[in-house]
Amino acid sequence: MKIIESIREMQDIAKKAKREQIRIGFVPTMGFLHEGHLSLVRVARKENAQVAASIFINPTQFGPHEDFNAYPRDLERDITLLEREQVDIVFIPKIDQIYSENHRTFVFVEKIAENLCGYFRPGHFQGVVTIVCKLFHIIQPDTAYFGQKDYQQLMVIKKMVADLNMDIEIKGLPIVREKDGLAMSSRNTYLTEEQREQALCLYRLINQAKKMREEGVDRAPEIITALKKNIEMETMVRPEYIRICHPETLKNLQVIKDRALLAMAIHVGKTRLIDNCLL
Ligand code: PAF
């Protein structure tokens, strides 16, 4: 596995792959890898002649009071895991290479980035879309793989790719959960045992919403009220949002006609967690 730090070197490899018509599958990450990331790598491995992953904790997607400095890091372990999955290239740029002092260009997706996490984390998706756009230009993948846990991120990136006419296929892959239902996230490492227990409420709410749908409840506010009531029992949990919205536009729904997205964000202690499911 090649470990590349230089943008120029990475672009040269990408250009060569393009010339030789070698398909590149790309998995962007912020490191501290878990089974969710590895599930993306495995699909990328199956579908492409060359697999590239990136590890870059992107400062521009963190708000001023968020966990950029505390974000978990274990580069050595990440490299071992990626090597084990037979990744060909891991791109690990330094911050000042990606963002020079003079960096003035950001990519912004309207509307779809404004609800849910976009509302509570102003500037977050601008940071995500900008770094993903930059990584796409550096790595030049044919297909890029993202987890559906960050559903809004996936939709925003799909929109950016469509609107900017990028010739890249975006694949969203299912959420990977622990045995007890907690969605895998690098941030789970912040949780104490007790907090982790309470964080499981997210999975309980998903099952409750699915059950209500099966029973024929189609009014979104009725489902949301029931979920909010359920979450009140968790003393350490502070809900940020619980929304039912259209799976493509991400606009809030009143009545569920066809498919809908249940999207949630909570704070457990100082840790912010998200989860979602299609209803
Ligand atoms: O999902 C993530 O880990 C990040 O948001 C991404 C896509 C790697 C961009 O920094």
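Rules and cut-offs
- Residues numbered from 1 in each chain as written.
- Predicted model: local features only at pLDDT ≥ 70, side-chain atom pairs only at ≥ 80, totals over all residues.
- Heavy atoms only, no water.
- Helix = DSSP H or I, 4+ residues; strand = E, 2+ residues; numbered from the N terminus.
- Rg over C-alpha atoms; globule rule 2.2 N^0.38 Å.
- Buried < 20%, exposed > 50% of the residue type's maximum accessible area, 1.4 Å probe, protein only.
- Near = heavy atom within 4 Å.
- Polar contact = N/O pair within 3.5 Å; in protein donor to acceptor, adjacent residues only side chain to side chain.
- Core = buried A, V, L, I, M, F, W, Y, C linked by side-chain atoms within 4.5 Å.
- Contact = heavy atoms within 4.5 Å.
- Salt bridge = Lys/Arg side-chain N within 4 Å of Asp/Glu carboxyl O.
- Pairing = 2+ DSSP bridges.
- Axes fitted to C-alpha atoms, helices over the stretch in contact; angles between N-to-C directions.

**Q** Lay out the overall build of the protein in plain terms, naming residues and giving numbers.
**A** Per the secondary structure count, the protein includes 10 helices and nine strands. Taken over the C-alpha trace, the protein has a radius of gyration of 19 Å; the compact-globule value for 279 residues is 19 Å, and the two agree within 12%. The C-alpha extent of the protein, read off along each of the three principal axes, is 55 × 40 × 40 Å. Looking at the protein as a whole, 53% of its 279 residues are labelled buried.

**Q** Quick rundown of the site of the ligand? Include the residues and the values.
**A** Around the ligand sit Pro28, Thr29, Met30, Asn58, Gln61, Ile131, Phe146 and Gln153, and those are all the residues in its vicinity. Interatomic distance of 2.6 Å between a side-chain N/O atom of glutamine 61 and an oxygen atom of the ligand. Within the side chain of glutamine 153, a nitrogen or oxygen atom sits 2.7 Å from an oxygen atom of the ligand.

**Q** Residues and numbers for the nonpolar core, please.
**A** Residues Phe136, Ile157, Met160 and Ile170 are the most contacted members of the largest nonpolar core, which totals 49 residues. The greatest single-element share of this core, amounting to 10 residues, is contributed by helix 6 (residues 124-139). Discounting chain neighbours no more than four positions away, the residues touching isoleucine 157 are Val128, Val132, Phe136, Phe146 and Ile170. Ranked by size, the runner-up nonpolar core spans 29 residues in total, among them Ala209, Met212, Ile231 and Leu253.

**Q** An account of the pattern of salt bridges is needed here, citing residue identities and associated values.
**A** One pass over the full model with this rule turns up 16 salt bridges. Aspartate 12 is the partner of arginine 8 in a salt bridge, and the nearest nitrogen-oxygen pair spans 3.8 Å. With a gap of four residues between them, arginine 8 and aspartate 12 both fall in helix 1 (residues 7-19), about one helical turn apart. Aspartate 12 sits in the partly exposed class, given a relative accessible area of 40%. A salt bridge links arginine 42 to glutamate 35, with the nearest nitrogen and oxygen atoms 2.9 Å apart.

**Q** Give me the sheet that holds strand 3 (residues 50-55): which residues, what numbers.
**A** Read across the sheet, six strands follow the order 1-4-3-2-5-6 without closing on themselves; strand pairing throughout is parallel. Strands at the two margins of the open sheet, each flanked by one partner only, are strand 1 (2-4) and strand 6 (169-173). Averaged over all neighbouring strand pairs, the angle between strand axes comes to 25°, with direction disregarded. Bridge analysis of strand 1 against strand 4 (residues 89-91) gives three bridges, and the strand direction is parallel. Across the sheet, isoleucine 4 pairs through a bridge with phenylalanine 91, a residue of strand 4. Taken strand by strand, helix 3 (residues 75-84) contacts strand 1, strand 3 and strand 4, and its axis lies near 170° from that of strand 3. Helix 7 (residues 151-163) rests against strand 5 (143-147) and strand 6 of the sheet, and its axis sits at about 170° to strand 6.

Honestly, that's just the spatial picture; any functional story needs more than this.
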